[in-house]
Amino acid sequence: MSNELGDKGLLLVVSSPSGAGKTTLCHRLMAEYPEVMFSVSYTTRPIRRGEKDGVDYHFVDNTTFDQMVDKGEFAEWANVHGNKYGTTVAAVREALEGGRHVLFDIDYQGARQLKARFEREAVLVFVLPPSLEVLEERLRKRATDAPEAIERRLINAQEEFNVLKQYGLYQYLIVNDDLPRAYDRLRAIYVASLAAIDRMGTVAEELIRQTERRHPQP
Ligand code: ADP
Ligand code: 5GP
């Protein structure tokens, strides 16, 4: 399905330290805007309880993932918390060519690669927890990861905060303290990005053509 203006697809990239709430926020956006598609990544991480292959991720083994890397099938890929994750070129191109809006739940390394490759189409959002204590509490309460995995995710959060400071890569920051307030921000970013002037090129050009047909320049 193409978007309402028949214009370019948007790549909405949402990153955060694990447990800050990006999955929760992304699911809300997709529930409110069914035209937003989720980019299903490939990963070597073991499947979690409640996850579905092909829906949450395409779960593959290390050899398959490495073969895909060698064949240049990924638009971006990275090693995150000891597992490999990647987004295929085919998935991104298909979405852009169909004028669809796609949501990417990927880490900062992947966000950087997508921004380099699709500079105009990619909008980068970073979700922060209100504090490290809250982040730890959310990870423990979510209870989807073993204690060592939680520890690793908390250590990696420090690196992610530092990356945020150094690179100025992200265009938007959302502090996910109060969920409805954080979601309002994500929705506002999405809606504003759709109206960004450089995405409206073909609409403007069509109006110019219509005026020229009606009032030809001498
Ligand atoms: P991520 O995708 O960033 O790893 P999740 O969306 O899985 O994070 O959220 C981590 C946990 O925190 C989940 O159990 C989720 O229900 C909870 N959570 C998310 N946002 C909030 C919030 N604003 N307040 C309290 N709990 C939250
Ligand atoms: P989880 O294992 O909790 O689902 O995800 C762990 C981390 O991997 C999250 O920060 C998530 O954003 C990131 N991630 C998921 N898919 C991709 C991907 O395709 N590429 C990259 N670079 N990171 C990803």
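Each remark here, short or long, concerns the structure printed above.
Thresholds applied
Residues numbered from 1 in each chain as written. Chains lettered and ligands numbered in written order. Predicted model: local features only at pLDDT ≥ 70, side-chain atom pairs only at ≥ 80, totals over all residues. Heavy atoms only, no water. Near = heavy atom within 4 Å. Polar contact = N/O pair within 3.5 Å; in protein donor to acceptor, adjacent residues only side chain to side chain. Areas by Shrake-Rupley, 256 points an atom, 1.4 Å probe, with all protein chains shown as cover. Helix = DSSP H or I, 4+ residues; strand = E, 2+ residues; numbered from the N terminus. Nonpolar A, V, L, I, M, F, W, Y, C, P; charged D, E, K, R; others polar. Phe/Tyr/Trp six-rings, centres within 6.5 Å; stacked < 30°, edge-to-face > 60°. Buried < 20%, exposed > 50% of the residue type's maximum accessible area, 1.4 Å probe, protein only.

**A word on the site of ligand 2**
Then comes step 1: Around ligand 2 sit 18 residues, and of these Ser41, Arg45, Tyr57, Tyr85 and Asp105 come closest.
Then comes step 2: With respect to ligand 2, the side chain of Tyr57 contributes an N or O atom lying 2.5 Å from an oxygen atom.
Then comes step 3: Thr87 is positioned with one of its side-chain polar atoms (N or O) 3.3 Å from an oxygen atom of ligand 2.
Then comes step 4: Protein contacts shield 96% of the accessible area of ligand 2, which totals 510 Å² for the unbound molecule.
Then comes step 5: Listing elements by their share of the shell around ligand 2, those giving two or more residues are strand 5 (74–80) and strand 6 (83–88).
Then comes step 6: By residue class, the composition of the shell around ligand 2 is five nonpolar, six polar and seven charged.

**Concerning the packing of aromatic side chains**
Then comes step 1: Evaluation of the coordinates by the stated rule reveals seven aromatic pairs.
Then comes step 2: Centre to centre, the rings of Tyr42 and Phe74 are 6.1 Å apart; their planes meet at 70°, and the pair counts as edge-to-face. Placement of the pair is Tyr42 in strand 3 (residues 41–43) and Phe74 in strand 5, with a sequence separation of 32 residues. Each member of the pair, Tyr42 together with Phe74, is buried.

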